[in-house]
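# Results of the structural survey
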Amino acid sequence: MLSNNITFQMSDAHSVLDKNTKKIINRVTHPVIIGKHSWISRNVIFTKNASIAPNTIVGNGAVVTKEFKEEYIAIAGNPAKIIKRDVVWDHTPPSLWNDD
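Residues numbered from 1 in each chain as written. Predicted model: local features only at pLDDT ≥ 70, side-chain atom pairs only at ≥ 80, totals over all residues. Heavy atoms only, no water.

Along the chain, the position of serine 51 falls in strand β5 (residues 51–52). Look at serine 51 and you get buried, because its relative accessible area is 7%. Setting aside its immediate chain neighbours within four residues, serine 51 contacts His30, Ile33, Lys66, Glu67 and Phe68. (Helix = DSSP H or I, 4+ residues; strand = E, 2+ residues; numbered from the N terminus. Buried < 20%, exposed > 50% of the residue type's maximum accessible area, 1.4 Å probe, protein only. Contact = heavy atoms within 4.5 Å.)

Strand order in this open sheet of three strands is β2-β5-β8, and the pairing throughout is parallel. Single-partner strands in this sheet number two, and they are β2 (33–34) and β8 (67–68). Sheet topology places β2 next to β5; two bridges connect them, and they run parallel. Directly across from isoleucine 34, in β5, lies its bridge partner isoleucine 52. (Pairing = 2+ DSSP bridges.)

Next up on the list: a nonpolar patch on the surface. Among the surface-exposed residues, Phe8, Met10 and Ile34 lie close enough to one another that they form a single nonpolar patch of about 260 Å² accessible area. Tracing the chain through its elements places isoleucine 34 in strand β2. Looking at isoleucine 34, the relative accessible area reads 33%, which means it is partly exposed. (Patch = residues over 30% accessible without salt bridge, like charges linked within 9 Å, V, L, I, M, F, W, Y side chains within 5 Å. Areas by Shrake-Rupley, 256 points an atom, 1.4 Å probe, with all protein chains shown as cover. Salt bridge = Lys/Arg side-chain N within 4 Å of Asp/Glu carboxyl O.)

Once that is clear, we can look at the environment of arginine 42. Inspection of the secondary structure puts arginine 42 in the loop between β3 (39–40) and β4 (45–46). A relative accessible area of 44% places arginine 42 in the partly exposed class. Contact partners of arginine 42, with chain neighbours within four places excluded, come to Ser3, Asn4, Asn60 and Gly61.

Turning our attention to the packing of aromatic side chains. All told, the structure shown has two aromatic pairs when counted by the stated rule. Here the aromatic rings of phenylalanine 8 and phenylalanine 46 are separated by 5.3 Å at their centres, their planes lie at 10°, and the arrangement is stacked. Taken together, the positions of phenylalanine 8 in strand β1 (residues 7–8) and phenylalanine 46 in strand β4 put the pair 38 residues apart, joining distant regions of the chain. Residue phenylalanine 46 is classed as buried on the basis of its relative accessible area, which comes to 0%. (Phe/Tyr/Trp six-rings, centres within 6.5 Å; stacked < 30°, edge-to-face > 60°.)

Taken as a class, soluble globular proteins show a tendency for nonpolar side chains to be buried jointly. Residues Phe46, Ile52, Val58, Val64 and Ile75 are the most contacted members of the largest nonpolar core, which totals 14 residues. Other than its neighbours up to four places away in sequence, isoleucine 52 contacts Ile33, Ile34, Gly35, Ser38, Ile40, Phe46, Val58, Val64, Phe68 and Ile75. (Core = buried A, V, L, I, M, F, W, Y, C linked by side-chain atoms within 4.5 Å.)

A few words now on the sheet that holds strand β6 (residues 56–58). Strand order in the open sheet formed by four strands is β3-β6-β9-β10, with mixed pairing between adjacent strands. Each edge of the open sheet is held by one strand with a lone partner, namely β3 and β10 (81–85). Where β3 meets β6, two bridges bridge the pair, whose relative direction is parallel. If you follow tryptophan 39 over to β6, its bridge partner there is isoleucine 57.

Take the environment of threonine 21 next. Along the chain, threonine 21 turns up in the loop between β1 and β2. On the basis of relative accessible area, threonine 21 is assigned to the partly exposed category, the value being 48%. For the pair formed by threonine 21 and proline 31, sequence separation is ten residues and the distance between their alpha carbons is 26 Å.

This is the structure we're talking about:
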């Protein structure tokens, strides 16, 4: 499930080089990957080499800069980090959920 204003930065606009060797140190090593049944909130940014496993919740305004291989997690922050484990989401609004 995708909210609005999600940005995918698939690469950097400029190369960053090691001063001594002149080797590029900001290469793209793999594409941005979004696992199935993930919920991405609004204003999230995915940078190059970022990925999330299936069943991941990404909090509002998060900046995902690395790989998250663990499923059933919630991540948030800048840079994003795991804030909760063993979570799953559903389309039903909380106000309609019956916990009985």
